[in-house]
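What follows is each chain in one-letter form.
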Amino acid sequence: MSFKLHEITTPKPTSTAATVDASSFPDIPPQPRTIAESGLALGFLTDLILKIIYFTGAITGQRIEEVTKLPFLGIIDKALEFLKLEEFVDIIGSEGGGFSERSFQYVIANKGRAKILEILSRSQYAGPAPVTFDEYIRITKRQTIGEMVIDQAKIRQAFSHLVVNDRMLDKIGPAANSARSLFLYGPPGNGKTTIAEGIANLLGGYILIPYAVEVDGQIIKIFDPLNHQVVQQNQVGHSEAAAAFPGAPAQPINANFPDARWLVCKRPQVVVGGELILEQLELIFDPVVKIYEAPFQLKANGGLFLIDDFGRQKCSPKDLLNRWIVPLEKKFDYLALQTGKKLQVPFDVLIVFSTNLDPKQLVDDAFLRRIRHKIEVPNPSPAEFRSIFQLVCKGKKIPYSDEGLRHLIQEHYMKAGRDLRSCHPRDLCDQILDEAKYRSIDPSMSKELIDRACEAYFVKLG
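Asker: I'd like a rundown of the pattern of salt bridges, residues and numbers included.
Answerer: On inspection of all chains with the given rule, the structure shows 23 salt bridges. With a shortest N-O distance of 3.3 Å, R63 and E66 are connected by a salt bridge. You can see R63 and its partner E66 sitting in helix α3 (residues 61–68), three residues apart, about one turn around the helix. Between E293 and K221 there is a salt bridge; the shortest N-O distance is 3.4 Å. Here the residue E293 occupies a position in strand β13 (residues 291–293), and K221 occupies one in strand β8 (residues 218–221), the gap between them amounting to 72 residues.

So this is what it looks like as structure tokens:
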């Protein structure tokens, strides 16, 4: 019988964490001082610790504290005491010759080897201790995005590095304030995804995200390093002091220490595209490790969930839209465990649908009524196209030329019957840089380099 260790990589705070104002962090629940305060049953904790010892081989009490994110005193020591009493674990010495119980090294005893097979058949999770489902719901409701206010000044500042007209900005602002739903549509390459990401940055602030949640003994993994940007990883109280002085007597736990099972993160920005399937919007059960992975919308709670390239998923747009009817109206979602139990979870998400397909072919009026804001992102005007080109040229250190731009528009847009796109200045400037580098000349908006860039970039049809 083979087993698989379920590891959770300890996240590292972002490189900008030093500049983050900690006073703006949400209130973190205090570190639990007893097993009862942790919200977890003694049996659950002993099973978790036994798995950690089994997968590690030999481990100190302090290291168990660091892995589980629970304090040694009052919780880990009580669980280890039970495991020793039941003869499931043995002590083989201490690390560094210390006399503190934290430094004792624990291994699986002979009697524990039979027990561990039973435990692993139920779940192989051996990571940070979860928080209770009720506690997760309470914290999620406390950090809702609906109370934020985004005014005109914030909108203009957030999009100041882009060429976006005031009319468009005045549509984006109310959509961001709604914190509900947004439908972005229009031709490809005009910045729909960029607008959605700009809205996500506008949400600002920080929220608490747990490593995992426990429901009826089942584990749902919430934290995802691909979608959650950590700004502060909370430490278990007195871990550093214990590491520095392994022989020192243990100190009382300070209730002011934060619960290390929670991470302080930026508001999530979860982006999915054509790869999205309906199964990813439900709890995903791993039959090997026997835990659940949270669906995208649960990971996006408190932030933005962007469904890019809407209409190009493997599932039909109708099926995908039907999945969102209840969450959009009620602000909560239903998820089901394999046991059949249904969980009602908050749907505190600004959900954005972005498509370059004709909306009339994708959605009906009934669904559009449920979408709070609909914004068309059209092709840029010639004046906007010029401003974008100037901005891109400045960033890529290419001397801008009105004469070069006139040649580009006349020869490669007007004569070719081609529409202007907001992404073209960036892409064509990249082509100019490639051509200039190949020819060992300085990049410029010369007619020759523009023609070569367009020949390489555009596809001739017919």
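Asker: Hey, could you go over the sheet that holds β13 for me, with residue numbers and the actual values?
Answerer: Reading across from one edge, β4-β7-β8-β13-β12 is the order of the five strands in this open sheet, with mixed pairing throughout. Each having just a single partner strand, β4 (131–132) and β12 (284–286) make up the two edges of the open sheet. Pairing of strand β7 (residues 212–215) with β8, which is carried by four bridges, proceeds in the antiparallel orientation. The partner of E214 across the bridge, within β8, is I219.

Asker: Just give me the short version of the nonpolar core, but keep the residues and values in it.
Answerer: Judged by nonpolar contacts, the single largest core of 33 residues is most densely connected at I49, L50, I53, I64, I76, L80 and L83. Among the secondary structure elements, those contributing two or more residues to this core are α2 (42–56), α3, α4 (72–85), β3 (104–108) and α5 (110–122). A per-element tally of this core places α2 first, with seven residues. Once residues lying within four places of it in the same chain are set aside, the contact partners of L80 are I49, I53, I64, F72, V89 and Y106.

Asker: So what's going on with empty space enclosed by the protein? Which residues, and what values?
Answerer: In total, this model carries two cavities of 30 Å³ or more according to the counting rule given. In this model, the largest cavity occupies a volume close to 90 Å³. What lines the largest cavity is a set of 14 residues, and nearest its centre among them are Y136, I207, L208, I209 and N301. Listing elements by their share of the lining of the largest cavity, those giving two or more residues are α6 (133–142), β6 (206–210) and α11 (296–299).

Asker: Residue-level account of the layout of surface pockets, with values.
Answerer: Taken as a whole, the largest pocket encloses approximately 830 Å³ of empty space. Lining the largest pocket are 33 residues, with G189, N190, G191, K192 and S422 sitting closest to its centre. Secondary-structure elements contributing two or more residues to the lining of the largest pocket are α8 (166–178), α9 (192–203), β17 (350–355) and α16 (382–396). By residue class, the composition of the lining of the largest pocket is 13 nonpolar, twelve polar and eight charged.

Asker: Now, about the confidence of the model for the protein chain: what can you tell me, with residues and values included?
Answerer: In this model, the protein chain carries an average pLDDT of 86, and 89% of its residues clear a pLDDT of 70 or more. For the protein chain, the element scoring lowest by mean pLDDT is helix α10 (residues 239–244), at 39; β4 scores highest, at 97. The low-confidence segment residues 1–9, where pLDDT is below 50, has 23 contacts with residues more than four positions distant or belonging to other chains. Ignoring residues within four places in sequence, the model shows residues 239–255, a span with pLDDT below 50, making 27 contacts including any to other chains.

Asker: Before we move on, could you go through the environment of H161 and cite the residues and values that matter?
Answerer: With respect to the helices, strands and loops of the structure, H161 is situated in the loop between α7 (152–158) and α8. Along the sequence, H161 and L391 sit 230 residues apart, while their C-alpha atoms lie 8.6 Å from each other. In terms of polar contacts, H161 uses its side chain to reach the backbone carbonyl oxygen of A158, at 3.4 Å.

Reading the values: rules and limits
Residues numbered from 1 in each chain as written. Predicted model: local features only at pLDDT ≥ 70, side-chain atom pairs only at ≥ 80, totals over all residues. Heavy atoms only, no water. Salt bridge = Lys/Arg side-chain N within 4 Å of Asp/Glu carboxyl O. Helix = DSSP H or I, 4+ residues; strand = E, 2+ residues; numbered from the N terminus. Pairing = 2+ DSSP bridges. Core = buried A, V, L, I, M, F, W, Y, C linked by side-chain atoms within 4.5 Å. Buried < 20%, exposed > 50% of the residue type's maximum accessible area, 1.4 Å probe, protein only. Contact = heavy atoms within 4.5 Å. 1 Å grid on protein atoms, 1.4 Å probe; cavity = no way out; pocket = protein on both sides within 12 Å on 5 of 7 lines; lining within 4 Å. Points joined across faces, edges and corners; volume = space filled by probe spheres on them. Nonpolar A, V, L, I, M, F, W, Y, C, P; charged D, E, K, R; others polar. pLDDT = per-residue confidence, 0-100. Polar contact = N/O pair within 3.5 Å; in protein donor to acceptor, adjacent residues only side chain to side chain.

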